[in-house]
Amino acid sequence: DIIRFAEDQEPWIPKKINKHNVEDLPDDVPTTLKEAIKAFILTNAIRRLRGHGNKHSSMLVHVALRVLWIDRIAWLINEILRGYKNQIKSGQGNVLYDLEEMFYNDFIPTTKEVKNNIAYNDPKIKTHTWEEVKSELIAAITKIEVRSVHGLKKTSVIEYHRIEEIDYEAHKNIGLSVIAVGGNKLARGITLEGLSISYYLRTTRMYDSLMLMGRWFGYRPGYADLCR
């Protein structure tokens, strides 16, 4: 079971964003999105232990179709990530405790279930110790970048943070680690390499849209147990 339900989007992200509330931008994100970011940090650290340090790693965030909202959410994620990075580097704050708790309560049981209870034979999926994972956290989070993906312009400037479009080819030798925040272009205009975490709030009656946007299918060699 790799699905974690996100049901706390109110009041930060309303289910419907229209012309009446399009400029009512949030000043924070739901707790579940912060948990998803922490899961992505852990995933990147564990993948480094499994020899994936130079492979692409992506997180998909789809919470709105409006460009203003996409850019704001990307900016908020960038600020949250910056705070986590400072805490991990300094060894102060709550994020290290949160990551350790998530590792023991979520990641360890899921990995054991994949290895022991599911007919999925992947020798690269291993159980690691917290000390091993902790040693890779700084390298993992330092590499993560945030991208705002929409169709208006090639480069989006988000309140003093220049966030360029995703270019996996330019990082093929060292691997790109990216949190991609977007709407329809993210679904139908770009392939997310090494996708592991999908944070998805869209409502739709079209199953093809749901599958294209969610992308919770495909091969994940060496990290199927880390996907959320």
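Scroll up to find the structure.
Keep in mind it's a predicted model, so treat the numbers as computed, not measured.

**Student:** What exactly am I supposed to notice about the pairing of strand β6 (residues 195-200) here?
**Tutor:** Regular strands place their side chains on alternate faces of the sheet. With five of six residues buried, β6 is to be regarded as a mostly interior element. Looking at chain direction, strand β1 (residues 57-62) and β6 are connected through five bridges and run parallel. Within the sheet, the bridge partner assigned to Ser-58 lies in β6 and is Leu-195.

**Student:** What am I meant to see in unusual backbone geometry here?
**Tutor:** Glycine aside, residues mostly have negative phi, and peptide bonds are mostly found in the trans state. Cis geometry is found at the peptide bond from Glu-10 to Pro-11, where omega equals 5°. When you line up the elements, Pro-11 lands in the segment before α1 (31-49).

**Student:** For this particular structure, what's the right way to read α1?
**Tutor:** In an α-helix there are 3.6 residues to a turn, and that puts residues three or four apart on one side. In this model, α1 (19 residues) spans 28 Å end to end at C-alpha, consistent with the 27 Å of a helix rising 1.5 Å per residue. Summarising burial for α1: 14 of the 19 residues are buried, a large majority. Positive backbone phi, at 85°, marks Gly-51, one or two positions downstream of α1.

**Student:** Hey, could you run me through the nonpolar core in this one?
**Tutor:** Generally speaking, nonpolar side chains in soluble globular proteins are found buried as a group. Judged by nonpolar contacts, the single largest core of 49 residues is most densely connected at Ile-41, Met-59, Val-61, Ile-73 and Leu-137. Ranked by residue count, the leading element in this core is helix α2 (residues 67-90), at ten residues. With near-sequence residues (within four places) excluded, Met-59 lies in contact with Leu-33, Ala-36, Ile-37, Phe-40, Val-178, Ile-179, Ala-180, Leu-195, Ile-197 and Tyr-199. Formed by ten residues, the second largest nonpolar core is a distinct cluster that contains Leu-60, Tyr-168, Leu-186 and Leu-192.

**Student:** I tried to follow the pattern of salt bridges on my own but got confused; where do I start?
**Tutor:** Pairs can form between side chains of opposite charge whenever their charged atoms are close. A full pass over the atoms with the stated rule returns eleven salt bridges. The shortest N-O distance in the salt bridge between Asp-28 and Lys-34 comes to 3.3 Å. In this structure Asp-28 comes out as partly exposed when scored by relative accessible area, which is 25%. Residue class for Lys-34 comes out partly exposed when judged on its relative accessible area of 23%. Of the charged contacts in the structure, one is a salt bridge between Asp-98 and Lys-38, with a shortest N-O distance of 3.0 Å. One end of the pair, Asp-98, is in helix α3 (residues 95-117); the other, Lys-38, is in helix α1, with 60 residues separating them in the sequence. What makes Asp-98 partly exposed here is its relative accessible area of 24%. By sharing partners, the salt bridges in this structure join Asp-1, Arg-4, Asp-106 and Arg-228 into a single network.

**Student:** Even after reading the chapter, I still don't get the packing of aromatic side chains, so can you show me in this structure?
**Tutor:** Aromatic ring pairs: the centre-centre distance and the angle between the two ring planes describe each pair. In total, this model carries two aromatic pairs according to the counting rule given. Taken together, a centroid distance of 5.7 Å and an interplanar angle of 45° make the contact between Phe-103 and Trp-130 tilted. Here Phe-103, found in helix α3, pairs with Trp-130, found in helix α4 (residues 130-135); they are 27 residues apart in sequence, far enough to count as distant. Each member of the pair Phe-103 and Trp-130 is classed as buried. Among the aromatic residues, those joined into a cluster by ring pairs are Phe-103, Tyr-104 and Trp-130. Positioned above the aromatic ring of Phe-107, the side-chain terminus of Arg-228 is 4.4 Å from the ring centre.

Cut-offs and rules
- Residues numbered from 1 in each chain as written.
- Predicted model: local features only at pLDDT ≥ 70, side-chain atom pairs only at ≥ 80, totals over all residues.
- Heavy atoms only, no water.
- Buried < 20%, exposed > 50% of the residue type's maximum accessible area, 1.4 Å probe, protein only.
- Helix = DSSP H or I, 4+ residues; strand = E, 2+ residues; numbered from the N terminus.
- Pairing = 2+ DSSP bridges.
- Expected span 1.5 Å × (residues − 1).
- Core = buried A, V, L, I, M, F, W, Y, C linked by side-chain atoms within 4.5 Å.
- Contact = heavy atoms within 4.5 Å.
- Salt bridge = Lys/Arg side-chain N within 4 Å of Asp/Glu carboxyl O.
- Phe/Tyr/Trp six-rings, centres within 6.5 Å; stacked < 30°, edge-to-face > 60°.
- Lys NZ or Arg CZ within 6 Å of the ring centre and 35° of its normal.

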